[in-house]
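Geometric and topological summary
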Amino acid sequence: MSPRLGQTPSQTVGPYVSMAFPREGDNVLPVPDGGERIVITGVVYDGDRNHIEDAVIETWQANPYGRYNHPDDTREEVPLDPTWTGFARAMTDFETGAYRIETVKPGRVPDLEGDFQAPHIAVIVQGRGMLNPVFTRIYFSDEEEANADDLVLRQVPEARRHTLIAQLEPGSDPKTYRFDIRFQGDDETVFFDF
Amino acid sequence: MSEPIVRHYGPKAYSDHPPFKYPDYKSTIKRSPTHDPIKVVATLTETTGPGPAWAEITPEDADLTTNAGTGSPAIGERIIVTGRVLDENGNGVPDTIVEVWQANACGRYVHWRETAFPAPLDPNFIGVGQCKTDAEGNYRFLTIKPGAYPWGNHPNAWRPPHIHFSILGPALVTRLVTQMYFEGDPLLFQDPMYNSVPPHARERLVARYDHDVTEENWALGWRFDIVLRGPNGNVEEMEEE
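Described below are features of the structure shown in this document. (Residues numbered from 1 in each chain as written. Chains lettered and ligands numbered in written order. Predicted model: local features only at pLDDT ≥ 70, side-chain atom pairs only at ≥ 80, totals over all residues. Heavy atoms only, no water.)

Here's the deal with the interface of chain B and chain A
Listed per partner, the contact involves 90 residues of chain B and 77 residues of chain A. Counting the surface lost from both chain B and chain A, the interface buries some 7,600 Å², and carbon and sulfur atoms represent 57% of this. Among the residues of chain B in contact with chain A, Arg31, Ile38 and Arg113 of chain B are the three that bury the most area, contributing 12% of the side total. Our count for the chain B to chain A interface comes out at 11 salt bridges. (Contact = heavy atoms within 4.5 Å. Buried area = accessible area lost by both parts, 1.4 Å probe. Salt bridge = Lys/Arg side-chain N within 4 Å of Asp/Glu carboxyl O.)

Considerations on the pattern of salt bridges
For the coordinates displayed, the defined rule picks out 30 salt bridges over all chains. Salt-bridge contacts for Arg4 of chain A lead to Glu88 of chain B; the nearest nitrogen and oxygen are separated by 3.2 Å. Of the two residues, Arg4 of chain A sits in the segment before strand 1 (37–45) while Glu88 of chain B sits in the loop between strand 3 (78–87) and strand 4 (97–102), which places them in two different chains. Of the charged contacts, one joins Glu46 of chain B and Arg137 of chain A as a salt bridge, the two residues approaching to 2.8 Å between their closest N and O atoms. Here the residue Glu46 of chain B occupies a position in helix 1 (residues 44–47), and Arg137 of chain A occupies one in strand 6 (residues 134–140), the pair thus bridging two chains. (Helix = DSSP H or I, 4+ residues; strand = E, 2+ residues; numbered from the N terminus.)

Things to note about the nonpolar core
Residues and elements named next belong to chain A. Core analysis: the biggest nonpolar cluster contains 30 residues, and Tyr139, Leu164, Phe192 and Phe194 have the highest contact counts within it. Residue assignment for this core shows that the elements contributing at least two residues are strand 5 (121–127) and strand 6. Residue contacts for Tyr139: discarding those within four places in its chain leaves Ala118, Pro119, His120, Asn147, Asp150, Val152, Leu153, Leu164, Ile165 and Ala166. In terms of nonpolar packing, the next biggest core, distinct from the first, is built from 27 residues, Ile52, Trp84, Tyr99 and Phe140 among them. (Core = buried A, V, L, I, M, F, W, Y, C linked by side-chain atoms within 4.5 Å. Buried < 20%, exposed > 50% of the residue type's maximum accessible area, 1.4 Å probe, protein only.)

Structure representation (structure tokens):
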């Protein structure tokens, strides 16, 4: 094998990223066949529990049948509407630190043990003051049984798992899940190194 | 039922990247996690990603000297910025979106955030562009050289001229946002973002002047290659049942 090239170092998106993205509508995915509209919303907090006013949230997820729009997801028998990208971008609000993504609940995708993962959405958070992206995952509070068996969640210390569970707001229509993201503190969000 | 392809990517090389917390860049102090990230083997979720499927772009998006759409060109030193997006094995990353944003020639961004820096805006420059890499991973922008600008991080702090780059790549784990600096820039020594990178890796953020890229009577050429995490060659196609 030839010598590997060195990775280009990460840098912050800085304070002016919103001139490039997200673009209008990037935080609203279409409802594909078989999908049910859900909303994910929350606030991003820094170590002083001040809201972060300029964070970029990117999400990546499977469609309602549990298939990704990606050439490596070769499961032709699982339906895929090609207009489904599965990718959303949002920016936190300058005044409140809140973000909002309108999407659909993802289906279950394979894990590495011949089973299926609990429904989840991958999240990348970046912002001014962040020299590297952080990766986390959104799971759903109304999927307790699937969450209990999930390959990735099982590797998180039990006391910290709650930081990965988006909480369904009772009576919300469309179903709205609250998912705050916290840097530092007793309830710091779990971040992953994949 | 068939199984998807789950590629194995080499790890993030932490020793080549900035730390999460770098106190000389003050904003990192409260915006960095205190726990180490939890190491988990990537699943299909992380070995796929939006890069291949996402975003429609036009060739005009790669020309920042005219994409303000006013019919008049942006003011500044016209430059070509080109290079390849590669994986760690030296293979080009094809068909991936490269997004850029930058200040104008005077060091001013087109952004609503207040700035105390009294530099003029250029009505013919928006400072945002995008293009898609070709089959060999090549990208190319025409733009103007961004100016330096002051900021409040430390006394007499100036950001060296730089262009922000965002690349999705083939998988979630290849996501990269970085900044490109210019060879020989005298402001690099005092820039905490540049210096947050371990010394041996800093030059990877520096574009080189390339006279072969320069076009006669038109624009100066700079070359900047970008290396993403790559598959480690151990591609596994899970057994069909």
